Amino acid sequence: MHEPVSVTPRSLNALRPVVGEEEVEALRELAAPLRGMRVLHVNATAFGGGVAEILSTHIPLLRDLGLEAEWRVIHGDEAFFRVTKAMHNGLQGMELPFSPEMQEIWREGNRRNAAQLEGDYDVIFIHDPQPAGIPAFRERRGARLWIWRCHIDTRTPHPPFWSFLLPYLSAYDAAIFTMAEYVGPDFPVRRVAFIPPTIDPLSPKNAPMREDEARAIVARFGVDPHRPLLLQVSRFDPWKDPIGVIDAYRLVKRERPEVQLALVGSMAHDDPEGWWYYDRTLRHAGEDPDLHVLHNFHGVGAWEVNAFQRAAAVVIQKSLREGFGLTVTEALWKGKPVVGGRTGGIPLQVHDGETGFLVDSVAACAEKALYLLSHPEEAQAMGARGREHVRRHFLCTRGLRDELALLREWMA
Ligand code: UDP
């Protein structure tokens, strides 16, 4: 287990202009009886992927509300993260082998992190399957309440992975899933709640940015800011289907030769498969000066992702399986219509024909992207509705409110 992750302090007051006075006051009231509560969040990576993104805002805001919140990242070597990536895929239904050696690597990693976890807390949140074994391996309880926070869709897991994990999950007092549909069969925890994730409207990823600055930034990466840009921001992962996005872009380009595509993906350290899939994506992209495959090592950080999302004409998230799809929330917040795969949390955000389009194939993805490029006014109206939808349902204050309400109920 690593040292606590250091996060930039945040103040809820800064969010008042975005979410309103009442919302901030309601949060302070809700948090008042919880002041001083020691809360720990544990996950697998401090950077890359949606969970790290959420915690980097959530932790400082909990502190601003008076809770003693901490965030720790588990320690694991490449073999461990290779196994947890297979588990992640297996739990989402991929039919992969799960050998006794792999099981032992996961157990050993969890055993070790459990032993290294010191301190006393009131509540410990464990995010996702990578560290899910920690409470079962503890000699001392160390917290009144252990909560498993599952961000993935376990409704149809590949059975070997799920039956392996279930006994470890029994050690939890409560669990939180993104959506009710995501709870896998025979889930052993009695108290279960649902909280869809949220974004921070003032983080570097989502803060306001001038249009000319956004254009200047994407130009630095070789994109022509005066021609339409299609964009997908995602880890390089088969579920995100970057190959399908390239195929859709090629179909669009037949009709609109001026179109460009950027695939922007970060490399999370708990995702060793990422490099392999990045290479595969590059090979599929071939030599096309209008197709840009970029990742954080090229210098695409949060502010640059913000710029790409603002500079895009259409944002695509052609996932085949998806937990929630924070990239969709981020794009809608910037007033961009999204063409998204009809899966996971995407339909909660993309209302077909209202805030974008839901698609099930490369051909449909190309058709809808083309439609939006050819109907800019409609695209703009959809984007505006998307932003309003996010304002109402998917800003970080709502996530805080849901979590604080649960803590009050569960700690009573
Ligand atoms: N992300 C990023 N840089 C990239 C690619 C992704 O910062 O190059 C961020 C993205 O903006 C989003 C998160 O990583 O905040 C991905 O979350 P999402 O829920 O879309 O997918 P996950 O990776 O958790 O499956």
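This is a predicted model, so every value here is computed, not measured. (Residues numbered from 1 in each chain as written. Predicted model: local features only at pLDDT ≥ 70, side-chain atom pairs only at ≥ 80, totals over all residues. Heavy atoms only, no water.)

What follows covers helix H13 (residues 362-374). Over its 13 residues, H13 extends 18 Å from the first C-alpha to the last, a length consistent with the 18 Å expected when each residue adds 1.5 Å. All buried positions along H13 are accounted for by Ala 364, Cys 365, Ala 366, Ala 369, Leu 372 and Leu 373. In this fold, the buried residues of H13 make contact with strand S7 (229-233), helix H8 (242-255), strand S10 (314-317), strand S11 (338-341), strand S12 (356-359) and helix H14 (376-393). (Helix = DSSP H or I, 4+ residues; strand = E, 2+ residues; numbered from the N terminus. Expected span 1.5 Å × (residues − 1). Buried < 20%, exposed > 50% of the residue type's maximum accessible area, 1.4 Å probe, protein only. Contact = heavy atoms within 4.5 Å.)

Inspection of the secondary structure puts Arg 235 in the loop between S7 and H8. In this structure the side chain of Arg 235 is engaged in a polar contact, spanning 3.0 Å, whose partner is the side chain of Asp 237. In contact with Arg 235, not counting residues within four places along its chain, are Lys 85, Lys 240, Ser 266 and Asp 271. (Polar contact = N/O pair within 3.5 Å; in protein donor to acceptor, adjacent residues only side chain to side chain.)

This paragraph deals with the pairing of strand S2 (residues 68-73). As defined by bridge partners, strand S1 (residues 38-43) adjoins S2 across six bridges and the pair is classed as parallel. Within S2, the residue paired with Val 42 across the bridge is Arg 72. (Pairing = 2+ DSSP bridges.)

Our focus in this paragraph is the site of the ligand. Surveying the vicinity of the ligand reveals 16 residues, the closest of which are Lys 205, Arg 235, Lys 240, Ser 266 and Glu 330. Here Gly 50 contributes a backbone N or O atom positioned 3.0 Å from an oxygen atom of the ligand. In this structure, an oxygen atom belonging to the ligand sits 2.8 Å away from a main-chain N or O atom of Ser 266. Considered on its own, the ligand offers 540 Å² of accessible surface; in the complex 89% of this is hidden by protein. For the shell around the ligand, the elements supplying multiple residues, two or more each, are helix H3 (50-64), strand S8 (260-265) and helix H11 (326-333). Ranked by the residues each element gives to the shell around the ligand, the list is headed by H11, at three residues. Its residues assigned to classes, the shell around the ligand comprises four nonpolar, six polar and six charged. (Near = heavy atom within 4 Å. Areas by Shrake-Rupley, 256 points an atom, 1.4 Å probe, with all protein chains shown as cover. Nonpolar A, V, L, I, M, F, W, Y, C, P; charged D, E, K, R; others polar.)

Under the criterion given, the structure shown has 18 aromatic pairs. Ring geometry for Trp 106 versus Tyr 168: centroids 5.0 Å apart, planes at 65 degrees, classification edge-to-face. Of the two residues, Trp 106 sits in helix H5 (residues 100-116) while Tyr 168 sits in helix H6 (residues 159-169), which places them 62 residues apart along the sequence. A relative accessible area of 13% means that Tyr 168 is categorised as buried. Taken together through their ring pairs, the aromatic side chains of Phe 98, Trp 106, Phe 137, Phe 161, Phe 164 and Tyr 168 make up a single cluster. (Phe/Tyr/Trp six-rings, centres within 6.5 Å; stacked < 30°, edge-to-face > 60°.)

Looking now at the sheet that holds S1. Ordered by their spatial adjacency, six strands build an open sheet running S2-S1-S3-S4-S5-S6, and the pairing between neighbours is parallel. Of all strands in the sheet, those with a lone pairing partner are S2 and strand S6 (191-194), marking the two edges. Put simply, the sheet's adjacent strands are angled 20 degrees from each other on average, direction ignored. With four bridges joining them, S1 and strand S3 (residues 121-127) adopt parallel strand pairing. Residue pairing for S3: Leu 40 is matched across the bridge by Ile 124. The sheet contacts of H3 involve S1, S2 and S3, and relative to S2 the element is tilted by about 155 degrees. (Axes fitted to C-alpha atoms, helices over the stretch in contact; angles between N-to-C directions.)

Coordinates in, geometry out; function isn't part of it.
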